[in-house]
Amino acid sequence: MITLHHLENSASIRILWLLEETGVEHEMVMYDRDPATMLAPDAFKALSPFGTAPLLTDGDVAISESAAIIDYVLDRLPDSDLRPGADDPLRADYLFWFHAAGATVQPLLTMRFVHGIASERAPFFVRGVAKGVLGAVDKAFTGPRLSAAFTALEAQLTDNEFIAGDRFTAADIAFGYTLYMARLRGGLLEPYPALSGYIERMTQRPAWLRALERDGKFMGVPG
Ligand SMILES: N[C@@H](CCC(=O)N[C@@H](CS)C(=O)NCC(=O)O)C(=O)O
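Predicted model only: the values in this text are computed from it and were never measured. The written sequence of each chain sets the order in which its residues are numbered from 1. The predicted nature of this model means local features are confined to residues of pLDDT at least 70 and side-chain atom pairs, given and counted, to a pLDDT of 80 or more, with totals for whole chains, interfaces and linings taken over all residues.

**What to know about the pairing of strand β4 (residues 61-64)**
Strand pairing requires that DSSP identify at least two bridges connecting the strands. A run of H or I in DSSP becomes a helix once it reaches four residues, and a run of E becomes a strand once it reaches two; helices and strands are each numbered from the N terminus. Of the pairings in the sheet, the one linking strand β3 (residues 55-58) to β4 comprises 4 bridges and is antiparallel in character. Across the sheet, residue Thr57 finds its bridge partner in β4, namely Ala62. Adjacent in sequence and paired antiparallel, β3 and β4 are bridged by 2 residues, among which Gly59 carries a positive phi angle near 60 degrees.

Structure follows, in structure tokens:
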């Protein structure tokens, strides 16, 4: 039996959403973050190869990394159309966007978020310097790359209802969470109407709403 070890306020919500979209049988165990560090608790870290969420176990298997878990779950569902196959016209777009979410856009957002916290928490006598250095990193690297990604996504979602084209795929699950967080933290999607509309549509999907309900407190949303 698959078990989702579900860390509060984390990318684990992606996997809960996937499990709700697919109806794959599973159990869920909830973990709160360590209140002092806001990291995963030791009991969770002991199970996870990198100590991070999402984490899924299946007998002796313990697998983390969102994209790996999505593939692991979809391997059990050969008839699912959530992962366009080799001959599917959506294949190339699917592969690109599915991997872009976790490999490029999410790390950029995380970097920006962590730099923001680092600036705020720096000792007051170096705070100005920290803000200056991290602000320069954002201006030269993180910001332009995020803008390029959001501009490409905006074009894709102006022409298509879903990330990979005309149907819902696992690329929407990968990006849906990432864009949800981009909207939540700092209103980054405001200049992008197609992206904003897209995330509105994604968050009305019954499976997303069921995932939120089961989580019960994701980013302050009551279940
Ligand atoms: N690339 C990884 C990112 C994993 C990651 O950074 N997870 C965060 C939550 S979104 C985490 O586990 N934080 C708690 C910790 O590091 O202890 C994935 O998508 O699975």
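**Things to note about the site of the ligand**
We call a residue near a molecule or strand when its C-beta atom, built from the backbone, sits within 6 Å of it. Lining the immediate environment of the ligand, one finds 13 residues, of which Ser10, Leu39, Ala40, Thr52 and Ser66 sit closest. The nonpolar class holds Ala, Val, Leu, Ile, Met, Phe, Trp, Tyr, Cys and Pro. Asp, Glu, Lys and Arg form the charged class, and all remaining residues, Gly among them, are polar. Here the residues of the shell around the ligand sort into 6 nonpolar, 6 polar and 1 charged.

**Observations concerning the environment of Leu7**
Inspection of the secondary structure assignment puts Leu7 in strand β1 (residues 2-7). A sequence separation of 203 residues divides Leu7 from Arg210, and the C-alpha atoms of the two residues are 17 Å apart. Once residues within four sequence positions are removed from consideration, Leu7 is found in contact with Ser12, Tyr31, Arg33, Ala40, Phe44 and Ala53. By definition, residues are in contact whenever their C-beta atoms, placed on the basis of the backbone, come within 7 Å of each other.

**Concerning helix α6 (residues 170-184)**
By this rule, a helix spans an expected 1.5 Å times one less than how many residues it contains. In a regular helix each residue adds 1.5 Å, so 15 residues correspond to 21 Å; α6 covers 21 Å between its end C-alpha atoms and thus fits that length. Taking burial as the measure, the 15 residues of α6 include 13 buried ones, the bulk of the element. Immediately beyond the C-terminal end of α6, within one or two residues, lies Gly186, with a positive phi of roughly 90 degrees. To sort residues by exposure, count the other C-beta atoms lying within 10 Å of each residue's C-beta; 20 or more gives buried, 12 or fewer gives exposed, and values between give partly exposed, all with C-beta atoms placed from the backbone.

**Observations concerning the nonpolar core**
For soluble globular proteins, the rule of thumb is that nonpolar side chains tend to be buried together. In this structure, Trp97, Ala171, Ala174 and Leu195 are the most contacted members of the largest nonpolar core, which totals 53 residues. Each domain span listed reflects an automatic or database assignment of domains. Counting contributing residues, this core receives three or more from each of domain 1 (2-80) and domain 2 (91-205). Apart from the residues lying within four places of it in its own chain, the contact partners of Ala171 are Tyr94, Trp97, Phe98, Ile163 and Ala164. Linking buried Ala, Val, Leu, Ile, Met, Phe, Trp, Tyr and Cys residues through C-beta atoms within 7 Å yields a set, and such a set is a nonpolar core.

**With respect to helix α3 (residues 66-75)**
For α3, the complete set of buried residues consists of Ser66, Ile69, Ile70 and Val73. All buried residues of α3 project into a common sector of 100 degrees when viewed along the axis, lining one side. The inward-facing, buried residues of α3 abut α1 (12-22), β3, β4, α4 (91-121) and α6. Of all possible arcs, the one meant is that of the directions from the helix axis to the C-beta atoms.

**Remarks on the domain arrangement of the protein**
Structurally, the protein comprises domain 1 (2-80) and domain 2 (91-205). A straight line from the C-alpha centre of domain 1 to that of domain 2 covers 22 Å. The partner domain 2 presents 7 residues to the 10 residues of domain 1 that form the contact. Elements represented by at least two residues in the side of domain 1 that touches domain 2 include exactly α1 and α3. Per element, the largest residue contribution to the side of domain 1 that touches domain 2 is 5 residues, and it comes from α1. A per-class count over the side of domain 1 that touches domain 2 returns 7 nonpolar, 1 polar and 2 charged.

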